[in-house]
Amino acid sequence: MKKRLWQIFGPVVLAALIVLGLLLAPLPNQKLSMQRLHADAVSLSPTVLGGQRIKHQALAKNYVPFYGSSELARMDPFHPSVLAAKYHRAYQPLLLGDPGTQSLVHFVDEQTMMPQLHGKRAVFIVSMQWFTKQGQIPAAFDQYYSPLQLATWLLKAGRGEADRYAARRLLAMGAPAKSIVMRDALYRIAAGQRLTKPQRVGLQAELQALKNEDNLFSTLSISPRWHDIERGMRRLPATDDPAALSTLATQIGKARTTSNNLGIDNDFFNKRLKGKRLKQLAGSQRGFDYRVSPEYGDFQLLLQQFAKANMNVQFIIPPINQKWARYTGLSMPEYEEAVGKLKYQLAEQGFDKVLDLSQKGSQPYFMQDTIHLGWQGWLAVDHVVKPFLTTPQLAPHYQLNDYFYTKAWAQTKTVG
Amino acid sequence: MINLQPYADPKYFVLLLVALLPLMIGLYYGHRLRIYETIVSAAFITLMFTGAKWQQGVALIAYVVYQLLLVAGYARYRQTKNTTPVFVSVVALSILPLVIVKVTPALGPNQSLLGFLGISYLTFKAVQVLMELRDGTIKQLSLGMFLRFMLFMPVISSGPIDRYRRFAQDYEQVPTQSDYVAMLERAVWYLFLGFFYKFILGYVFGTLWLPRLAQAAMVHRGWLDLSPALGLYMYDYAMYLFFDFAGYSLFAVALSLVMGINTPMNFNRPFQAHNIKDFWNRWHMTLSFWFRDFIFMRVTFFIMKHKLIKNRIRISQVAYLINFLVMGFWHGVTWYYIVYGLFHAGAIIINDYWLRFKKKHRKQLPHNRWTEALAIFITFNVVCFSFLIFSGFLDTLWFK
């Protein structure tokens, strides 16, 4: 009978051991091909955003993080990734973000990159649309946050205000509640306590398993977006000449916005707006107020993290398509006050590289659709980003202020 | 608070099997550790309804107490008397909570507070006990055993639907050592087959492909909004439905075996069915047998006894119609579930005509491996189409 039991359960035990071994053994980090990196850097996939391996290898080459959200997917020929690839720039963008990723997702998901980013540069496109009354939507957070990154952060979190604030916000997102170990750790950090020894051991085991999963599975699928980049490259002139690029941007923008008088890309207009939908959206942004939002505190988490790593970050504030803003009834004075508040938060703490495009929403072919940069807009970004990333820069000096985590700041409507 | 949904992830299996280990050792040596089993079952059922789901937990407790009172009362009454009005009212009272839960979402935006995960399956069990008390096939009802039967943990949320007498016999009789080891062997096989079905095939069909096909079918609309993508969606959904639910059922049977109970199987290669009748003997078997025994047969006898219809063929047709209509309503009060029920009733009635025709012309009709393949092919496509109705996707495509 004992023998039969072995015959039944032996293979099960063996299978369990193999799986455990595969997850907990320190696996070698195989090198990715250059082609693979090209595709992954523009994939906007949660696997890349939340993973470790691909970002690690990209940063070891000449990739520079471009943080953002939905505008990163507007891959027309003037998109930063197309320009950098076509003209063999010294930097190549590593695109981090997708619709729904806001400050808190970026804060969590950049954890494994921080050691590599020390003293380095980055570009950060911050959308005013993040700064809603609710801030980061938990469902979107759940889709993009990575347990691997969260475990990395938990193991180095301390008792300072920033970490306690982060823990409170993460608990409010609900997603980390799926792991009992992580949730208990978050409660301790939020309460200003250090993790216990068993918690650290548990987290380390979980982290190792997650890293191995990332190693084993992060390269299973390949993104088709590199084709968009190549298609864009074919349309660009052979030399990197600003005047020629600007002429082409106007020409392409004009050809692509023929279906409507809002200056919106034909595809976008036909698929998402045409007909009934457009009528429903008239006046739909009346009452939108980006001045009061928990996002200001979440954004401060990122600033704190950039400052701690002594990074030099170029911030970009994109505009809203003005015709669209007027059609949907968005209050421009309130929008401008929100931009002012954000710029104040940056300037007060020594983040002085801010490209404020918020007034350019009425320039022709600047926006590809409602709220997303395109053609001329991307070129305006390039005029600042290219010199920022290719010429020597002064070292930044930051003075952080924990006031920006407070509710009082989140609810402040005007500054100065 | 921790919340554990049955068979949701690998952790659940590890926790459950570790918790069941003492029970397994007990059964191996010929003892059923009843108190320990009760504690483990109660703990895992509680963990299904913690956190945001606590209201469902309260609803479950209230529901079980309610059914216990009904069944106990009827069992007592049945020892001395047996009248139809009392029986009918008790059955009506027994299904009342389920009816309320099913009708509420059709009337307004809210779900009924009486609902909880698994209410249908508990209702099937309770009604079955009432029916058998009426028939006199259950003579002695132990309330403790009734509770164990109702709350048998591996099957509580989605079946398979066991029968009281079969369950009680298994429970009272501890299997011999060699029988129990054979049960464990089956359990391991079912468990891993279930993993393959639910977590690999179900994932591919349901999580990877289904949303993409749905999107494609929404974008490329042809005549009546139909498209090739919709066709692919239909087959993909059928595969997803089978592998997800068959995987789930395999888990439930496997865990029952570990606990020394031979819960009946739910699926037997349904896509190899030769006709619709054959299909219902292979698909969600414990449900279709329940409907056969307690709806179809009862309706048939009722019509015959009261001589409502003379023609035997007509009787079975009416019985099929009622049977599948009830099944449709049970799935939910929406047009597509009801149409799904009517579609299957129609299919099985047509199938009966064909079978009678075939019997009459046995000499002229060929029968070989090609005709069998054709039969399987036709049945498969009819079934897949019925699942497209069932999926509710047509509702989204046409009316949303």
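Starting afresh in each chain, residues are numbered from 1 along the sequence in its written order. Labels follow written order: the first chain is A, the first ligand is 1, and so on. pLDDT decides what is reported in this predicted model: residues at 70 or higher carry local features, side-chain atom pairs at 80 or more are listed and counted, and totals for whole chains, interfaces and linings draw on all residues regardless.

Colleague: Mind laying out the overall build of chain A, listing which residues take part and the relevant values?
Modeller: What chain A contains, in helices and strands, is 21 helices and 5 strands. The C-alpha radius of gyration of chain A comes to 23 Å, within 12% of the 22 Å expected for a compact globule of 416 residues. The C-alpha extent of chain A, read off along each of the three principal axes, is 80 × 50 × 50 Å. Here chain A holds 416 residues, and the buried ones make up 41% of them. Placing a C-beta atom from the backbone of each residue, one calls two residues in contact when those atoms lie within 7 Å. In chain A, 83% of the contacts between residues at least 6 apart in sequence involve partners at least 24 apart. A helix here means a DSSP run of H or I that spans at least four residues, while a strand means a run of E at least two residues long, and both kinds are numbered starting from the N terminus. This radius of gyration counts C-alpha atoms alone. The globule rule is 2.2 Å times how many residues there are, raised to the power 0.38. Neighbour counting defines burial: a residue surrounded by 20 or more other C-beta atoms within 10 Å of its own C-beta is buried, one with 12 or fewer is exposed, and intermediate counts give partly exposed, using backbone-placed C-beta atoms.

Colleague: Account for the domain arrangement of chain B, with residues named and values stated.
Modeller: Where each domain begins and ends follows an automated or database-derived domain assignment. In terms of domains, chain B is made up of domain 1 (10-174), domain 2 (175-245) and domain 3 (268-399). For domain 1 of chain B versus domain 2 of chain B, the separation of C-alpha centres amounts to 28 Å.

Colleague: With reference to specific residues and values, describe the sheet that holds strand β1 (residues 63-67) of chain A.
Modeller: Residues and elements named next belong to chain A. Read across the open sheet, the 5 strands follow the order β2-β1-β3-β4-β5; overall the sheet is parallel. Strands with a single pairing partner mark the edges of an open sheet, and in this sheet they are β2 (92-96) and β5 (354-356). If you compare each strand with its neighbour and ignore which way they point, the axes differ by 20° on average. Of the pairings in the sheet, the one linking strand β3 (residues 121-125) to strand β4 (residues 312-317) comprises 5 bridges and is parallel in character. Within β4, the position partnered with I125 by the bridge is I316. Angles run from 0 to 180 degrees between N-to-C directions of axes, and those axes are lines fitted to C-alpha atoms, restricted for helices to the stretch in contact. In the packing of helix α20 (residues 375-390) onto the sheet, the strands contacted are β1, β3, β4 and β5, and the crossing angle to β4 comes to about 180°. Paired strands are those between which DSSP finds at least two bridges.

Colleague: Now, about the packing of helix α1 (residues 2-24) of chain A against helix α8 (residues 177-219) of chain B: what can you tell me, with residues and values included?
Modeller: Contact geometry for α1 of chain A and α8 of chain B: axes closest at 10 Å, N-to-C directions at 20°. Judged on the interaxial angle alone, α8 of chain B and α1 of chain A are roughly parallel. Crossing angle aside, the handedness with which α1 of chain A passes α8 of chain B is left-handed. In this structure, α1 of chain A uses R4, L5, I8 and V12 of chain A to contact α8 of chain B, whose residues at the interface are V181, L184, E185 and V188 of chain B. Three classes are used, and their members are as follows: Ala, Val, Leu, Ile, Met, Phe, Trp, Tyr, Cys and Pro are nonpolar, Asp, Glu, Lys and Arg are charged, and the others, Gly among them, are polar. For the contact of α1 of chain A with α8 of chain B, a count of residues per class yields 6 nonpolar, no polar and 2 charged. Any angle from 65 to 115 degrees is called roughly perpendicular, while one under 35 is roughly parallel, one over 145 is roughly antiparallel, and all others are oblique. The crossing is said to be left-handed when, going from far helix to near helix, the turn is anticlockwise and less than a right angle, and right-handed when the turn is clockwise.

Colleague: Report on the nonpolar core, specifying residues and quantitative values.
Modeller: If you look at the biggest cluster of nonpolar residues, it comprises 99 residues, and the most contacted ones within it are F124 and L154 of chain A. Counting residues per element, this core draws most heavily on α20 of chain A, at 7 residues. Not counting residues up to four positions away in its chain, the partners in contact with L154 of chain A are M182, A185, I189 and L203 of chain A. Of all hydrophobic cores here, the second largest spans 85 residues; its members include M48, F152, M259 and I348 of chain B. Connectivity within a nonpolar core runs through C-beta atoms within 7 Å, and the core itself is a set of buried Ala, Val, Leu, Ile, Met, Phe, Trp, Tyr and Cys residues.

Colleague: Tell me about the environment of R34 of chain B, and please be specific about residues and values.
Modeller: Residues and elements named next belong to chain B. Within the element layout of this structure, R34 appears in helix α2 (residues 34-48). Assessed through the 13 C-beta atoms surrounding it within 10 Å, R34 is described here as partly exposed. Here the alpha-carbon distance between R34 and K363, two residues 329 residues apart in the chain, equals 60 Å.

Colleague: Account for the interface of chain B and chain A, with residues named and values stated.
Modeller: Across the boundary between the two partners, chain B contributes 6 residues, which contact 6 residues of chain A. Here the side of chain B that touches chain A is composed, by residue class, of 4 nonpolar, 1 polar and 1 charged.

Colleague: Which residues make up helix α5 (residues 119-135) of chain B, and what values go with them?
Modeller: All names here are of chain B. Over its 17 residues, α5 runs 24 Å from end to end, which matches the ideal 24 Å to within 8%, given 1.5 Å per residue. Within α5, burial applies to I119, Y121, L122, T123, F124, K125, A126, Q128, V129, L130 and L133. Packing partners of the buried residues in α5 comprise α3 (54-80), α4 (84-107), α6 (143-150), α7 (164-172) and α11 (285-305). Of the residues flanking the end of α5, it is G136, one or two places downstream, whose phi is positive at about 85°. How far a helix is expected to stretch is found by multiplying one less than its residue total by 1.5 Å.

Colleague: If you had to explain the pairing of β4 of chain A to someone new, which residues and values would you point to?
Modeller: All names here are of chain A. Counting buried residues along β4, 5 of its 6 residues qualify, which places the element largely inside the surrounding structure. Bridge analysis of β4 against β5 gives 3 bridges, and the strand direction is parallel. Across the sheet, residue I317 finds its bridge partner in β5, namely D356.

Colleague: Requested: an account of unusual backbone geometry, with residues and values cited.
Modeller: Residues and elements named next belong to chain B. The residue after G159, namely P160, is reached through a cis peptide bond having omega 0°. Positive phi, close to 60°, is recorded for Y7, a residue that is not glycine. Take Y7: it is sitting in the segment before α1 (10-28). The phi dihedral of K307 is positive, around 50°, even though this residue is not glycine. Take K307: it is sitting in the loop between α11 and α12 (312-331).

Colleague: Any details on the environment of S391 of chain B? Residues and values, ideally.
Modeller: All names here are of chain B. Residue placement: S391 occurs in helix α14 (residues 369-391). Taking the C-beta count within 10 Å as the criterion, S391 has 21 such neighbours and is therefore assigned buried. The spatial distance from the C-alpha of S391 to the C-alpha of Y340 is 9.5 Å, given a sequence separation of 51 residues.

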